[in-house]
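Residues per chain are reported as follows:
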Amino acid sequence: GVTSGSKQKKKNEKINNKLSISSWHWRLLNMSTTPEDRLRENINRCLSDRLRENINRCLSDSLVKGVGGLVIGSVVTLLFFRRRIWPVWLGTGFGVGVAYRGCEKELNDVKFGQRK
């Protein structure tokens, strides 16, 4: 009974000492960076998050508009051009081209730091 309680206290003291040393070390590491460095890291992280979001949006937009152009081209070829393939490719090209133009504008806005 008594010895197991004192052993448990010693284990808890060792754990607390390790935690305080590691938290002290962590504080020391964070104090070594200047506020300008931390601000620069936050800005870079924010820009990379915005870039990642815009790339994801561009890929999904390209997929949606490309498939939309494919569907419109398929309907046109079935109704008017006796099942030729070129209207399908033309519609897909228009869809992807429109998506590319929008993506280019969005990515340039991120590159030059402009906000919407």
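Residue indices follow the written sequence of each chain, beginning from 1 at its first position. Confidence filtering applies because this is a predicted model: local features only for residues at pLDDT of at least 70, side-chain atom pairs given and counted only at 80 or more, and all residues used for totals across whole chains, interfaces and linings. Values reported for side chains reflect all heavy atoms of the structure, with hydrogen atoms and water molecules removed beforehand.

- Going by an unreviewed UniProt entry, the protein chain carries the name MICOS complex subunit MIC10 and comes from Drosophila melanogaster.
- Regarding the protein chain, the UniProt comment filed under Subcellular location (unreviewed entry) reads as follows: "Mitochondrion inner membrane". UniProt positions are given in the numbering used here, feature names are shortened, and annotations may be inferred rather than shown by experiment.

## A closer look at the overall build of the protein chain
Here is step 1: Secondary structure elements are defined from DSSP: runs of H or I of at least 4 residues count as helices, runs of E of at least 2 residues count as strands, and each element is numbered from the N terminus. From N to C terminus, the protein chain includes three helices and zero strands.
Here is step 2: Of the regular secondary structure in the protein chain, the N- to C-terminal order runs α-α-α.
Here is step 3: Per-residue burial for the protein chain yields a buried fraction of 14% across its 116 residues.
Here is step 4: For the protein chain, the share of sequence-separated contacts (at least 6 apart) that also reach a separation of at least 24 residues comes to 60%.
Here is step 5: Accessible surface for the protein chain amounts to roughly 10,000 Å². Of this, 64% is attributable to carbon and sulfur atoms. Here the term buried applies to any residue with accessible area under 20% of the maximum for its type, exposed to any over 50%, and partly exposed to those in between, with areas from a 1.4 Å probe on protein chains only. The contact criterion used is simple: two residues touch if any of their non-hydrogen atoms lie within 4.5 Å. Surface accessibility in these figures is a Shrake-Rupley result with a 1.4 Å probe; residues are shielded only by whichever protein chains are displayed.

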